[in-house]
Amino acid sequence: QVQLVESGGGLVQAGGSLRLSCAASGRTFSIHAMGWFRRAPGKEREFVASINWSSISTAYADSVKGRFTISRDNAKNMAYLQMNSLTPEDTAVYYCAWRRNSGNYGTREAEYADWGQGTQVTVSS
């Protein structure tokens, strides 16, 4: 099992930036993909971004393309989500997720076995 801890959330004005971090611990030695999801108030959790094991391939939700960038550092067991040009619609709890036994990125919740507790991002207008 893998434990994931997100950090970096907070309150930011529209147009601002935040960088989320995800620290992994536990059984981190296997090849895996990582992803970010979010749940806005009153909505279902949705896919935001994913990155494959080697960082060569990434995927983004249409709503964040061109504004968000996912990255990872395998040596440090870390993943990141750089969020620029934030809008109030980006307000949500952001979750880091770990896709076991697959180095390929995934866009569906069901593909991820381990989840962090989430970090709140609030964008004011």
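Quick look at the structure, then. Everything numeric here is computed off the predicted structure, so don't read it as measured data. (Residues numbered from 1 in each chain as written. Predicted model: local features only at pLDDT ≥ 70, side-chain atom pairs only at ≥ 80, totals over all residues. Heavy atoms only, no water.)

## Considering the environment of Ala113
Piece 1. Within the secondary structure, Ala113 sits in the loop between strand E9 (92–99) and strand E10 (114–115).
Piece 2. When neighbours within four sequence positions are excluded, Ala113 is seen to be in contact with Trp98 and Arg100. (Helix = DSSP H or I, 4+ residues; strand = E, 2+ residues; numbered from the N terminus. Contact = heavy atoms within 4.5 Å.)

## Here's the deal with the packing of aromatic side chains
Piece 1. Inspection of every chain in the model, using the stated rule, returns four aromatic pairs.
Piece 2. Considering the side-chain rings of Phe37 and Tyr112, the 5.3 Å spacing of their centres and the 75° angle between planes classify their relative orientation as edge-to-face. Of this pair, Phe37 sits in strand E4 (residues 33–39) while Tyr112 is found in the loop between E9 and E10, placing the two residues 75 residues apart along the sequence.
Piece 3. Here the aromatic cluster, defined as three or more aromatic residues joined through ring pairs, consists of Phe37, Phe47, Tyr112 and Trp115.
Piece 4. The ring centre of Tyr80 lies 4.0 Å from the NZ or CZ of Arg19, which sits over that ring.
Piece 5. Sitting over the ring of Trp115, Arg45 keeps its end group 3.8 Å from the ring centre. (Phe/Tyr/Trp six-rings, centres within 6.5 Å; stacked < 30°, edge-to-face > 60°. Lys NZ or Arg CZ within 6 Å of the ring centre and 35° of its normal.)

## A look at the state of the cysteines
Piece 1. The full count for this structure, using the stated rule, is one disulfide.
Piece 2. Between the sulfur atoms of Cys22 and its disulfide mate Cys96 the distance is 2.0 Å. Torsion about the S-S bond of the Cys22 and Cys96 cystine: about -80°, corresponding to left-handed handedness. Of this pair, Cys22 sits in strand E3 (residues 18–26) while Cys96 is found in strand E9, placing the two residues 74 residues apart along the sequence. Neither Cys22 nor Cys96 differs from the other in exposure class; each is buried. (Disulfide = S-S within 2.5 Å. Buried < 20%, exposed > 50% of the residue type's maximum accessible area, 1.4 Å probe, protein only.)

## Re the pairing of strand E7 (residues 68–73)
On a regular strand, one side chain projects to one face of the sheet and the next to the other, so that they alternate.
Piece 1. Taking every second residue as pointing to the same face, the buried face of E7 carries Phe68, Ile70 and Arg72, while none of Thr69, Ser71 and Asp73 on the other face is buried.
Piece 2. Across six bridges, E7 lies against strand E8 (residues 78–83) in antiparallel orientation. Bridging across to E8, Arg72 finds its partner in Ala79.
Piece 3. In sequence, E7 turns back onto E8 through a hairpin of four residues, with Asn77 there showing a positive phi of about 55°. (Pairing = 2+ DSSP bridges.)

## Quick notes on the sheet that holds E8
Piece 1. Read across the open sheet, the four strands follow the order E1-E3-E8-E7; overall the sheet is antiparallel. If you trace the sheet from one side to the other, it starts and ends with strand E1 (2–7) and E7, each paired once. Across the sheet, the axes of successive neighbouring strands diverge by a mean angle of 15°, strand direction being ignored.
Piece 2. Across six bridges, the pairing between E1 and E3 is antiparallel. Within E3, the residue paired with Gln3 across the bridge is Ser25. (Axes fitted to C-alpha atoms, helices over the stretch in contact; angles between N-to-C directions.)

Function cannot be read off these values alone, since they describe shape.
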